[in-house]
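Per-entry structural report
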Amino acid sequence: MLKTFKTGGVHPPENKLSSKAGIASLPLPKTVVIPLSQHLGVPSKAIVCKGDIVKTGQLIAQSEGFVSANIHSPVSGVVTKIDKTPDTGGYKKDAIFIDVQGDEWIETIDRSTELNKTINLTQGEIVKKIAEFGIVGLGGATFPAHVKASVPKGKTAEYLIINGVECEPYLTSDHALMLEKAEEICVGIEIMKKAIGVSKAIIGIENNKPDAIDTMKRASTGYQGTSVQALKVKYPQGGEKQLIKAILNREVPSGGLPIDIGAVVFNVGSIFAVYEAIQKNKPLFERVVTVTGKEIAKPSNFKVRIGTPISYLIDLAGGMPENTGKIIYGGPMMGKAAINTEIPVVKGCSGILLVSSGESCRKAIEPCMRCSKCVSACPMGLEPYLLAVLGEKSMFDRLEAEKVMDCIECGSCSYTCPSGRPLLDYIRYGKTNVGKIIRARK
Amino acid sequence: MAKKESTFNNMLITLLVVTLTASGSLGFVYQLTKDAIAQAEANKKNLAIKRVVPEFNNKPSEEFFKLPSETPGDTICFYVAKLDSDTVGYAVETYSKNAFGGLLKLLVGFLPDGTINNIAVLEHKETPGLGTKMTEEKFSSQFPGKNPAKFILKVRKDDGEVDAITASTITSRAYCDAVQRGYNSLKQHQNTEKGGEQ
Amino acid sequence: MNQWNNFLKGFIKENPVFVFVLGMCPTLGTTGSAINGLGMGLATTFVLVLSNVFISLLAKYIPDKVRIPSYIVIIASFVTIVDLLMKAYTNTPGPNGEPSLYDNLGLFIPLIVVNCIVLGRAEAFASKNSVTSSLVDGLGIGLGFAFALTLLGAIREILGSMSVFGWKIAEGFAQLFNPATEYKQGDGMIAFVLAPGAFLALGYLIAFMNIIKKRYAK
Amino acid sequence: MSMIIVYTIATLSGIGVVSAIVLYFVAQKFKVYEDPRIDEVENSLPAANCGGCGYAGCRNFAEACVKSETFDGLYCPVGGNDVMSKAATILGRNAVEKEPQVAVLLCNGHCDASPKTNIYNGATTCAIESALYGGDTGCTFGCLGHGDCVTACTFNAIHIDTDTGLPVVIDDKCTACGACVKACPKGILELRKRAKANRKIYVACKNEEKGAIAKKSCAVACIGCGKCFKVCPYEAITMGNNLAYIDADKCRLCRKCVSECPTQSIIEVGFPPRKIKEEAPGAVTGENAPADSSNSVSN
Amino acid sequence: MELILLIIGTVFVNNIVLSQFLGICPFIGVSGRVNTSVGMSAAVAFVMVLATIVTYIIQLLLDKLGIAFMQTVTYILVIAALVQMVEIILKKVSPALYSALGIFLPLITTNCAILGVAILVYQKEFTLLPAVVYAFSNALGFGLALITFSGIREQLELANIPNGVKGVPIAFIVAGILAMAFMGFANIV
Amino acid sequence: MDKLITVSPSPHVHSGQSVSKLMYWVIIAMLPAFAVSVYFFGIGAIYLTLLSVASCVFFEYIIQKYLLKTPVRTSDGSAIVTGMLLAFNLPSGLPPFIVIVGALVAIGIGKMTFGGLGNNPFNPALVGRVFLLLSFPTRMTKYPVAEGFGTPMIIPSEALDASTGATPLGIIKEGIKSGDGIGQILQSEGLSYTDLFTGNIGGSLGEIAASALLIGFAILLIKKVITWHIPVSVMGTVLIFTGILWLFGFEGHQIVLDRTGISLPLLQYTDKNTLELVPFHMADPLFHLLTGGLILGAVFMATDYVTSPMTSKGQLIFGVGIGIITVLIRVFGAYPEGVSFAILIMNGFTPLINRYVKPRRFGKI
Ligand SMILES: Cc1cc2nc3c(=O)[nH]c(=O)nc-3n(C[C@H](O)[C@H](O)[C@H](O)COP(=O)(O)O)c2cc1C
Ligand SMILES: Cc1cc2nc3c(=O)[nH]c(=O)nc-3n(C[C@H](O)[C@H](O)[C@H](O)COP(=O)(O)O)c2cc1C
Ligand SMILES: Cc1cc2nc3c(=O)[nH]c(=O)nc-3n(C[C@H](O)[C@H](O)[C@H](O)COP(=O)(O)O)c2cc1C
Ligand SMILES: Cc1cc2nc3c(=O)[nH]c(=O)nc-3n(C[C@H](O)[C@H](O)[C@H](O)CO)c2cc1C
Ligand code: SF4
Ligand code: SF4
Ligand code: SF4
Ligand code: SF4
Ligand code: FES
């Protein structure tokens, strides 16, 4: 039986062009740029200097606190400089620049491909290792995984939810990963179950990936307590709150965390990374990235080292189409449009989407006619039209009262609005300011 | 400007003085205007009566009597207009409850033989622009000079002789109804009077 | 202050209706026709002038704490006088039995006493200024009020009954549009005589005055 | 005298006196302490209780006046300015005369100097663009030109110049309220001391990047070369973050630095055209000295 | 039954603000916020009922003495005193209630609605009970109009009203359309 | 690469829905009803609709361009919808002057004064319609006798009485005023349910044909222009409320059991001081549903986005309110039809509904 969440949601055209493409490996680029802020939380601190020689998998930047993450070198070579590099928005951030020389991995990494099912570590050791190996959530938020894996005192987790929904149009990296690494993911789930102390895990997959559902079902049969739940296609089912609602019919309370209702959510990519870290001693320095677009010659899924410039990936996928108007770092609903193609792939980058210039421009803005379509689309039961006007007029007290902080920035509202209003833009602005006010109050 | 200091005494005195003078002068003005006001009130009624009955020289507003109407419980008021003690007409304060806005009150002037002399609308709640057209020439001029004994006081739709106001049949009906009621009362009155004389 | 300017300010710059938006009940309630508006305006002016004069005379002697009650009594007395006078002398019905001016203004005559303009001027102006200034102020504000009411009354009358001061302008005018319509009998847009029209007409009139004022200020 | 007059007088005076006495005792009995200034302010108000100020009655308005720090949004339409200034006197508020200031834009990245590198297609407000994007010219410090400052200014003192794409402050209209400074997400508007004839000299750049990089994104960027710093006779210029900054309090408007700047990022406003020959430094100070002293008097 | 019809008629058909034109100043002035309007309406209801009772008694006295022409003066005096008294007492006895309702009290003295209703009660020759019901339902009608109206105004705050009509004019225009809508209740009782 | 890359915040895709598409669907949904009115009223229906639409668009254009100096948005189609709905609410045969005044009031007062599309608290077409009803009651309550293409385009006022009639509700109201029973009235007028369905009755342009309006409803639902909440709650409330009043009679005593109506005693306030028991007549629920523009109002006017509540719960409350007020006005009030007033009144309450009826927040504790 197909489940889904009840409130709101939209169904944009899926356009999963690369779903049959498999995961391709690719030659190493000449240089990589590794931003020090690739995760949610405090930026890490570089522990290498200009001229240092590094190996693949070597720790090059250290976590600066609990909510922060280690960064490991994705390549072997020479650190050329530690300087600023623009992020997707053009703001310059600190990064480590490395010239690639060969591909020499640190010895501890087990590069064999065979499945290792035996889990030797204790709960505490697992969490520690996850932290050490720089694992962050690969579902988009790049939240350090060890934080989520350490269930706070007084709370108990009941379910581990594995997010294989991939509700964003175009993106197929999780899909491809599930098809190719189903067994490993299942072991990863066992590890994670042990880490957070639960016996039940549910993998949520949308119905538009029947092959992934089959594969995961087959792979998970041997594991007690792990099951697959097929879901109706609806954006933003991948949002953890919606996913939990769909699978468990529980609602994360406003302002609360999934753990408050006994759930912990991890993306399949994160789980795979955990598997590799625990069983193969491999830090997180590469991930699967979808390169896609209607005009692109070969929509593909690549296994990419962190720090690779996206122009490099685009070339391998058939080159940049003539009429590209927008380069989206992520999916079309939540991804950020990048200012150019020199931006490197970071841990949170699940896809590169090239949009033709015809489709890259937004619809002209018309007045809100209070059609309430955005209200029906909002998965959080908010009133986007109101939040947007209040944001536009900087009425922050009312914004707070209208629960603006509950917005998950899914963009369903802007997507549906017939008047083409930039609702989410204004809501984000409101959230930023209300967030500041709330923090100042504390 | 310096404000006057407030003490209990001067406050009380001021208030007293102000109210005293005020009430004194008011009483005075009232005395002055009292008669004029009474005059105006009486005038109003007389003017209305004057409009519906022929020349008279008595004070009909003081010479009136009431009769029960056809509907039990209601009364109808008659003002008698006299020219040198000859009755020249009756002003009958009649009504209908079936108007569009409920109650419609008319003052119908009858000659002693029952012929309608003129009609004035006293009170109504009709729709401006619709029912209110009953005061306009086009409609109201149908009545003076007609005697309800011969003239069928009904709108044409109901097989009468009155041209209804456009889109206001209801008002027109009520108008006719009221006039008819006045006429009936008058007849009844005249009959009883005659009966009394006999 | 220049008395002439003092007088004029009530018309536009400090017009009680257009600028201060005070005394709205009579403004809306008595402007079904120009003549009613004028009558109400003049009645208010009468009270305003006399109370201004008296209060400026007496202000010195009235202790602070009882000044409001005293003023109210003074104003109320003048209102009653106006009421009595109008009842006596403006209470004649029209030739066709139309209600008299007094009947038309009805409740709004005694309500002059709670018209914020009257007490407001007494307090803000008359109690602090000379008798002449207060008189001129009362006249200016009062006539400004009368002007506003008459204007509004005229507008509503023209739109609503196609007449102004009772004079029918409809006949010739309507023929311009369409001789065939019922319109030539002189119907206006009755909505303007009714309650909604009062609000609408006043709203647009104030808007218009605002715009004029802005232009004028530039 | 008729009975009517007697009754009249008796009733009214009776009612008057009775209510006065009752009120007096009620007032005594139910006395509550309140800030006496509320009474004072209330007394200065017209007592029309008209609600025209948006408050429920004069007393309520008086309370609001006493409570609030400023008179922002508080205005009595009946009493007008007289009453308001009286209230201000009671509350001792008119002493806050500020040194005259004016808002100045520390960016000169007009369209020619700083060509576009991207097309921004989101909600057109600076706050929103800057939250995600540094700017569409490659300079992440400069003006975005959507005019949040224009919207913020309630005095119509700012408008966007369509040729340069930059906001322009009309000095005469600017009241130095600082609304625009708060509104600008880039922090490139600054309140500076107002000099005679609205003259001013300032570095119109906030780009903190190293000279070469700054220069690449904007032709008129300050490259932090320090030439102006060296030439300034009054130590009014400080260097930091690859930028020069002119302290308006120290600057004597001698204009020496202006010509030193290799990128023309120092702007002079309100001066008469330069004579061809260079002026003697003494003359310059002499000319400007009275300007400084007259500063606090004017405005 | 008669009283129920009186209530309906007063609240909807002859709404004090929208068709009788009484109490327009606070209707326009204090209608910016829904919360304020609720407080104002409650205060008006309280004073209106109280004032009607007191003036009803005064009127008996005036009629007895044959000096009905003193109506205006005595009514306003009594109402003013009454309001002030209520204010003073409320402030002491229940500061909470005072801060919710009391602040509106001074505004109410100079509100046509109170005096107007007191006079109307006299003109309509009500006895005490209908008089109180009438006063209360007028207050209800006032509240209904005021609260609805403030809701609309609060919403309009977020709309792009053209500059010329912003503020007072748009308030009147909304009131006009509202009055037009309420005309639908004509003759309902 | 020379071309500049576009950047913008997410989302980067759009549903493709637009204001004008929605408006054009509304117009399409109105076409069946329009066709019926052309069938019955001939050229007059076409002239009235065209004139109304043209004036609405014209006034919107003029006001936006010259008075407000805002971008001209007449092409979004909302003025066309307003124009059509205004025409749908007018009796055929009106002189052009009145139609133009109606359009001016609808667009000028009802819409542009508030800043145009999306800002008006009241339904513009209804503001125009009610204004005309109050201003020109004679013309507005006279409905031409349908004679197909033989119906005069503009009825001269002299011929008004001869060539016009009233709506079924008007007939009933008038009949009741003169004390007749419902069945009697309907029989003498020869009204049948088939007529009510097909539109063979007196009435304003768009209200006559229930079946055509229901087709429009279906179109709007299928195209997801509107949701079911408002129309269904309006119609449901009217059915239930009139049903209760109608059934109420069976418990009473004075029953006329015929096809369409019954009458029952009701207390009515007839004079200043007296309360009387008068016969109370009530048409049956289906009759109330099919007449008086109820379906037109419920489907096209109450659903106007701008002036209806934002949440489905709010919309249900709104619809129930409209239903109740409509019946109150129809049964007890002066006007035979109450839908326009009811919608306007509930428009007035919409902001309060929006304020207090919020969507169910996700994760509300
Ligand atoms: C300050 C903060 C603290 C968090 N603490 C926990 C936690 O204790 N347990 C947990 O399971 N997740 C925790 N999270 C993670 C969130 O639940 C969520 O998984 C993460 O923000 C990414 O989710 P998203 O991609 O849906 O935004 C925390 C997040 C934040 C921002
Ligand atoms: C609107 C929205 C859509 C999301 N869609 C997905 C998705 O399709 N797949 C996914 O794995 N995570 C998605 N996420 C992130 C999840 O909420 C959540 O952060 C993630 O599953 C947690 O796992 P991680 O910490 O391993 O990334 C989405 C988040 C939001 C707010
Ligand atoms: C707004 C409105 C006001 C009305 N006012 C009146 C009125 O004052 N008098 C009246 O008789 N009918 C009035 N009616 C009833 C209608 O005009 C009804 O259609 C009419 O009585 C029937 O038409 P007929 O009079 O031509 O037969 C009114 C109807 C409406 C819609
Ligand atoms: C479903 C729907 C119903 C509409 N109904 C009306 C209506 O009843 N009256 C009207 O003037 N405009 C209507 N419009 C058009 C438009 O929304 C209206 O002109 C706005 O109220 C103007 O701000 C409607 C539009 C839609 C999409
Ligand atoms: S972006 Fe926020 S407001 Fe918009 S639909 Fe998503 S959760 Fe709702
Ligand atoms: S979807 Fe757009 S037009 Fe509709 S209510 Fe929301 S913001 Fe307004
Ligand atoms: S917002 Fe204030 S400081 Fe800025 S320009 Fe305007 S008046 Fe000057
Ligand atoms: S100065 Fe600041 S606020 Fe003004 S346009 Fe530039 S970036 Fe925007
Ligand atoms: S004039 Fe009536 S309340 Fe002000």
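Rules of the game
- Residues numbered from 1 in each chain as written.
- Chains lettered and ligands numbered in written order.
- Predicted model: local features only at pLDDT ≥ 70, side-chain atom pairs only at ≥ 80, totals over all residues.
- Heavy atoms only, no water.
- Phe/Tyr/Trp six-rings, centres within 6.5 Å; stacked < 30°, edge-to-face > 60°.
- Helix = DSSP H or I, 4+ residues; strand = E, 2+ residues; numbered from the N terminus.
- Buried < 20%, exposed > 50% of the residue type's maximum accessible area, 1.4 Å probe, protein only.
- Lys NZ or Arg CZ within 6 Å of the ring centre and 35° of its normal.
- Pairing = 2+ DSSP bridges.
- Axes fitted to C-alpha atoms, helices over the stretch in contact; angles between N-to-C directions.
- Contact = heavy atoms within 4.5 Å.
- Near = heavy atom within 4 Å.
- Polar contact = N/O pair within 3.5 Å; in protein donor to acceptor, adjacent residues only side chain to side chain.
- Areas by Shrake-Rupley, 256 points an atom, 1.4 Å probe, with all protein chains shown as cover.

Overview of the packing of aromatic side chains
Applying the stated criterion to the full structure yields 22 aromatic pairs over all chains. Summarising the aromatic geometry, the rings of Trp-105 of chain A and Phe-285 of chain A are spaced 5.2 Å apart at their centres and angled 80° between planes, so their arrangement reads as edge-to-face. Of this pair, Trp-105 of chain A sits in the loop between strand E8 (92-100) and helix H1 (123-132) while Phe-285 of chain A is found in the loop between helix H7 (268-280) and strand E13 (286-292), placing the two residues 180 residues apart along the sequence. Judged by its relative accessible area of 12%, Trp-105 of chain A falls in the buried class. When the centroid spacing of 5.6 Å and the interplanar angle of 70° are considered together, the rings of Phe-182 of chain E and Phe-185 of chain E count as edge-to-face. The buried category is assigned to Phe-185 of chain E, whose relative accessible area is 5%. Joined through ring pairs, the aromatic side chains of Phe-139, Phe-143 and Tyr-175 of chain B make up one cluster. Above the plane of the ring of Phe-266 of chain A lies Lys-148 of chain A, whose end atom (NZ or CZ) is 4.8 Å from the centre. If you follow Arg-181 of chain B out to its NZ or CZ, it ends over the ring of Tyr-95 of chain B, 4.3 Å from the centre.

Section: the sheet that holds strand E14 (residues 300-305) of chain A
Residues and elements named next belong to chain A. Pairing is mixed in the open sheet, where 6 strands are placed in the order E1-E14-E13-E17-E15-E16. This sheet does not close on itself; its edge strands, each paired only once, are strand E1 (23-25) and strand E16 (336-338). Averaged over all pairs of adjacent strands, the angle between strand axes in this sheet comes to 35°, irrespective of strand direction. When strand E15 (residues 324-329) meets strand E17 (residues 351-356), the two strands line up antiparallel, connected through 5 bridges. The partner of Tyr-329 across the bridge, within E17, is Ile-352. Taken strand by strand, helix H3 (residues 173-180) contacts E1, E13 and E14, and its axis lies near 125° from that of E13.

Topic: the site of ligand 1
All names here are of chain A. Every residue close to ligand 1 is listed here: Leu-40, Ala-141, Phe-143, Lys-148, Pro-152, Glu-240, Leu-257 and Pro-258. At 3.2 Å, a side-chain N or O of Lys-148 approaches an oxygen atom of ligand 1. Side-chain polar atom of Glu-240 to an oxygen atom of ligand 1: 3.0 Å apart, as the coordinates give it. Here ligand 1 has 620 Å² of accessible area as a free molecule, and 64% of this is covered by the chains.

Concerning the sheet that holds strand E4 (residues 53-54) of chain A
Residue and element names in this part refer to chain A. Taken in spatial order, the 4 strands line up as E2-E8-E7-E4 in an open sheet, and their pairing is antiparallel. The outermost strands of the open sheet, each flanked by one partner alone, are strand E2 (31-35) and E4. Inspection of the sheet shows E2 paired to E8 by 5 bridges, in the antiparallel sense. Bridge pairing in E8 places Thr-31 opposite Asp-99.

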